[in-house]
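Spelled out, the chains give:
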Amino acid sequence: MDKQLILGSNSPRRKELLELAGFSFSNRKNSFDESTITETLPEVLVKELARQKGMAMDVQENEVLLTADTVVSANNTVLGKPSTEEEAFAMLAMLSGGTHQVYTAVMLRDIERHEVFVSRTEVEFWPLSEPEIHAYVATGDSFDKAGAYGIQSKGALLVKGIKGDYYTVMGLPLSMTVRELAKFQIAPTLL
Ligand SMILES: Cc1cn([C@H]2C[C@H](O)[C@@H](COP(=O)(O)OP(=O)(O)OP(=O)(O)O)O2)c(=O)[nH]c1=O
């Protein structure tokens, strides 16, 4: 029986990126509560979040489940998604004028085994003025995004440069994911 790829994610970006790669897949919601994990090392935290999201879902015999998590790390602080405008402002003020790391971990799981891998990208921000940060937060773009910005939307204007995979920042290290999925007999239909 052919293997079926299942994206276990509510993130519109992850769906968009799997489509970009040419995969056919189904999308299932995940309802994992991320606040239950209190690990402070970003790489360990992000892998654990991706793993637990995947373990909280069912997987059938012919399915390969993909779950993922993204966190931002700056000055030894892990930044998730902001819940208020004040929090978004504080995160962006912390990122202003400096370099931070974005980690995305992915878990692949079938009925027999699972694998978790992580990708890290460094992002440098321009120095941002208070009015600039306020204007960005007012766009509403911060809210469902780790570190309170979206590199793929208006947040692009905050970014001076990156080192590493752009798609890791957007929420899914795409080319690495394609290579790892091949080990689970999943390949994009358009390649
Ligand atoms: C830094 C950054 C993050 N993000 C997004 C990617 C992730 O969707 C989100 C971090 O939240 P996550 O908890 O990784 O994912 P999610 O809650 O959106 O989706 P799910 O758990 O259901 O898979 O931040 C961007 O879209 N652009 C960016 O530049």
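Residues numbered from 1 in each chain as written. Predicted model: local features only at pLDDT ≥ 70, side-chain atom pairs only at ≥ 80, totals over all residues.

**A closer look at the site of the ligand**
Going by this rule: Only the C-beta atom matters for this test: placed from the backbone, it must lie within 6 Å of a molecule or strand for the residue to be near it. Helix and strand definitions follow DSSP, with helices as H or I runs of at least four residues and strands as E runs of at least two, each counted in order from the N terminus. Basically, the charged four are Asp, Glu, Lys and Arg, the nonpolar ten are Ala, Val, Leu, Ile, Met, Phe, Trp, Tyr, Cys and Pro, and anything else, Gly included, counts as polar.
Taken together, 26 residues surround the ligand, and among them Ser9, Asn10, Ser11, Ile151 and Gly171 come closest. Contributing elements (two or more residues each) for the shell around the ligand: helix H1 (12-21), strand E3 (63-74) and helix H5 (166-170). The dominant element in the shell around the ligand, judged by the number of residues it contributes, is E3, at 4 residues. Residue composition of the shell around the ligand, by class: 8 nonpolar, 10 polar and 8 charged.

**Topic: helix H4 (residues 130-138)**
Going by this rule: Burial is judged by counting other C-beta atoms within 10 Å of a residue's own C-beta: 20 or more means buried, 12 or fewer means exposed, and anything between counts as partly exposed, with every C-beta placed from the backbone. Directions drawn from the helix axis to the C-beta atoms are what define this arc. Contact criterion: two residues are in contact if their C-beta atoms, reconstructed from the backbone, are within 7 Å.
Here H4 has its buried residues at Ile133, Tyr136 and Val137. Along H4, the residues classed as buried sweep out an arc of 100° about the axis, all on the same side. Across from the buried face of H4, at angles greater than 90 degrees, the exposed residues are Pro131 and Ala138. Contacts made by the buried residues of H4 are with helix H3 (85-95). Residue Gly140 follows H4 closely and has a positive phi angle near 85°.

**Notes on the pairing of strand E1 (residues 4-8)**
Put simply, the rule is: Here, a strand pair is defined by DSSP locating no fewer than two bridges between the strands. Seen with its strands pointing away from the viewer, a crossover is right-handed if its path from the first strand over the helix to the second goes clockwise.
Counting buried residues along E1, 4 of its 5 residues qualify, which places the element largely inside the surrounding structure. Pairing analysis gives 4 bridges linking E1 to E3, with the strands arranged parallel. Looking at the pairing, Leu7 lines up with Leu66 of E3. Examined bridge by bridge, E1 and strand E2 (residues 25-28) share 4 bridges and lie parallel to one another. Bridging from a neighbouring strand, Ile6 pairs with Ser26 of E2. The handedness of the E1 to E2 crossover, carried by H1, is right-handed.

**Notes on the UniProt feature "active site" (unreviewed entry) in the protein**
To be explicit about the condition: UniProt positions are given in the numbering used here, feature names are shortened, and annotations may be inferred rather than shown by experiment.
The sites that carry the UniProt feature "active site" (unreviewed entry) are, in the present numbering, Asp69. On the secondary structure map, Asp69 appears in strand E3. Beyond its immediate chain neighbours, meaning those up to four positions away, Asp69 contacts Val46, Leu49, Ala50, Lys53 and Ala105.

**Re the UniProt feature "site: Important for substrate specificity" (unreviewed entry) in the protein**
As recorded in UniProt, the feature "site: Important for substrate specificity" (unreviewed entry) lies at Arg13, Thr70 and Gln152. Spatial clustering of the annotated residues is evident: they stretch over 140 residues in sequence, but the largest pairwise C-alpha distance comes to 14.5 Å. Turning to its location among the elements, Thr70 is positioned in strand E3. Among the structural elements, Gln152 can be located in the loop between H4 and strand E7 (159-163). What makes Gln152 partly exposed here is the crowd of 17 C-beta atoms within 10 Å.

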